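The primary structure of each chain is shown beneath.
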Amino acid sequence: NLELGPHSFDLKELYPNPFNPSTEINFSLPLESYVKLSAYDLRGQEVDMIFEGIQSIGQHSYTWDASDFPSGVYYIRLQSGNMKRTQKALLIK
């Protein structure tokens with residue numbers, strides 16, 4: 001884990017999970033950086049871009065609304081430079 005000051009690069013457990021139709025995604029960043037937050041299916045295909053752009057240091061929260069997607073397992077990936085964190089998400093409709 002990259003530790004710089006009070007914040008680390010971290011993707012928290014999703015809540016709720018399993019979910020229908022939306023889940024909350026919380027993450028923290030140790031420094032201002034360009035991040036990409038995406039949802040992937042089991043085949044590794046990106047199915048939704050939740051956020052992409054510059055984020056400030058500290059805690060951030062996004063909601064993923066998966067109303068348009070079928071039930072199943074998805075992976076939420078947070079990427080910043082060469083750092084990646086992934087959480088498994090189970091959508092049950």
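Preceding this paragraph is the structure being described.
Parameters and conventions
Residues numbered from 1 in each chain as written. Predicted model: local features only at pLDDT ≥ 70, side-chain atom pairs only at ≥ 80, totals over all residues. Heavy atoms only, no water. Phe/Tyr/Trp six-rings, centres within 6.5 Å; stacked < 30°, edge-to-face > 60°. Helix = DSSP H or I, 4+ residues; strand = E, 2+ residues; numbered from the N terminus. Buried < 20%, exposed > 50% of the residue type's maximum accessible area, 1.4 Å probe, protein only. Lys NZ or Arg CZ within 6 Å of the ring centre and 35° of its normal. Pairing = 2+ DSSP bridges.

Here the distance between the centres and the angle between the planes together describe a pair of aromatic rings. Considering all chains together, one arrives at six aromatic pairs under this definition. On the numbers, 5.8 Å between centres and 55° between planes, the contact of Phe-19 with Trp-64 is tilted. Of this pair, Phe-19 sits in the loop between β3 (10-11) and β4 (22-29) while Trp-64 is found in strand β7 (residues 58-65), placing the two residues 45 residues apart along the sequence. Assigned by exposure class, Phe-19 and Trp-64 land together as buried. Ring centres 6.1 Å apart and planes at 5° place the aromatic pair Phe-27 and Tyr-62 in the stacked group. A residue pair is termed long-range when its members are at least 10 positions apart, and Phe-27 in strand β4 and Tyr-62 in strand β7 qualify at 35 residues. Positioned above the aromatic ring of Tyr-40, the side-chain terminus of Arg-77 is 4.3 Å from the ring centre.

We now examine the pairing of strand β6 (residues 46-55). The pairing of strand β5 (residues 33-40) with β6 spans eight bridges and is antiparallel. Counted as the bridge partner of Tyr-40 is Glu-46 from β6. Where β5 folds back on β6, the antiparallel hairpin that results is connected by five residues, among which Gly-44 adopts a positive phi of roughly 85°.

Across nine bridges, strand β8 (residues 72-80) lies against strand β9 (residues 83-91) in antiparallel orientation. Bridge pairing links Gly-72 to Leu-91 in β9. Here β8 folds back onto β9, and the loop between the two strands holds two residues, one of which, Gly-81, carries a positive phi near 60°.

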